[in-house]
Amino acid sequence: MGQNRRDLLRDAAIEVLAAAGGRGLTHRAVDAAAAVPLGTAKNYYPTRDALLHAAAERCAERYHRLTAELAAAGAGPVDRQGLVALLAGLLRNVAGPGRPRMLAYLELQSEAARRSELTAVLDPIAAADFTGFEQAQRMAGLPVTPQRAATVTLALHAAIPHLLTGGPGTLAHAGLDDLDRFVHDLLDAVYPP
């Protein structure tokens, strides 16, 4: 029951971060989100820092599980259009069902700017994105260099906060109102046809 309870609390902490931001992350809020008796989160994670660290670890576990599932599926892009579909699909997930997870992750990144122990947990997630997206670009047959691959990854990362806030003016100006076109144009800019 102990690990299940810890996972329940860590998942609840992610829910709270997504819904209420870093300021809303309290033991009481996590207890409520997990539907456990008051004081449970404090019993497992005595300080707010411990709660933040637990949420960051859970984000990392979820990320690694997701990437392992994608790798096991073996469905990588075989051409430029396949890469556009993959990357646009990932961005659609961020704006849709993956939104709470990404909101929590960005809240944790903000906290990590002041807490190096969180950086140690979160940094491997972003680093893995650079590796994974470079591999996807290679699989699609693009003339990859480390700089080109990093440019694509950074552009995708930069799009995420705008997709999460959903401001129509910003989305239109950035080209994020049509994600397939956005990714296509990004790849054309980095890898001219």
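Residues numbered from 1 in each chain as written. Predicted model: local features only at pLDDT ≥ 70, side-chain atom pairs only at ≥ 80, totals over all residues. Heavy atoms only, no water.

Enquirer: Requested: an account of the nonpolar core, with residues and values cited.
Expert: Formed by 34 residues in total, the largest nonpolar core has its most connected members in Leu9, Leu25, Val30, Leu108 and Leu122. Here this core gets 8 residues from one element, more than from any other, and that element is helix H4 (residues 48-73). With 24 residues, the next largest nonpolar core counts Phe133, Ala136, Leu156 and Leu186 among its residues. (Core = buried A, V, L, I, M, F, W, Y, C linked by side-chain atoms within 4.5 Å. Buried < 20%, exposed > 50% of the residue type's maximum accessible area, 1.4 Å probe, protein only. Helix = DSSP H or I, 4+ residues; strand = E, 2+ residues; numbered from the N terminus.)

Enquirer: Please provide a residue-by-residue account of the side chain of histidine 27, values included.
Expert: Checked against the element boundaries, histidine 27 lands in helix H2 (residues 27-34). In contact with histidine 27, other than residues within four places in its own chain, are Ala41, Lys42, Tyr45, Pro46, Thr47, Arg48 and Leu51. (Contact = heavy atoms within 4.5 Å.)

Enquirer: If you had to explain the layout of surface pockets to someone new, which residues and values would you point to?
Expert: The volume enclosed by the largest pocket comes to roughly 1100 Å³. Lining the largest pocket are 39 residues, with Thr67, Leu70, Leu90, Asp129 and Phe133 positioned closest to its centre. When residues of the lining of the largest pocket are traced back to their parent elements, those giving at least two are H4, helix H5 (80-95), helix H6 (99-112), helix H7 (116-139) and helix H8 (146-165). If one sorts the elements of the lining of the largest pocket by residue count, H7 sits on top with 10 residues. Counted by class, the lining of the largest pocket contains 26 nonpolar, 10 polar and 3 charged residues. (1 Å grid on protein atoms, 1.4 Å probe; cavity = no way out; pocket = protein on both sides within 12 Å on 5 of 7 lines; lining within 4 Å. Points joined across faces, edges and corners; volume = space filled by probe spheres on them. Nonpolar A, V, L, I, M, F, W, Y, C, P; charged D, E, K, R; others polar.)

Enquirer: Can you lay out the environment of valine 190 for me, pointing to particular residues and giving the numbers?
Expert: Relative to the elements of secondary structure, valine 190 occurs in helix H10 (residues 179-190). Taking C-alpha positions, valine 190 is 9.9 Å from leucine 142, a pair spaced 48 residues apart along the chain. Those residues in contact with valine 190 that lie beyond four places of it in its chain are Arg148, Thr151 and Val152.

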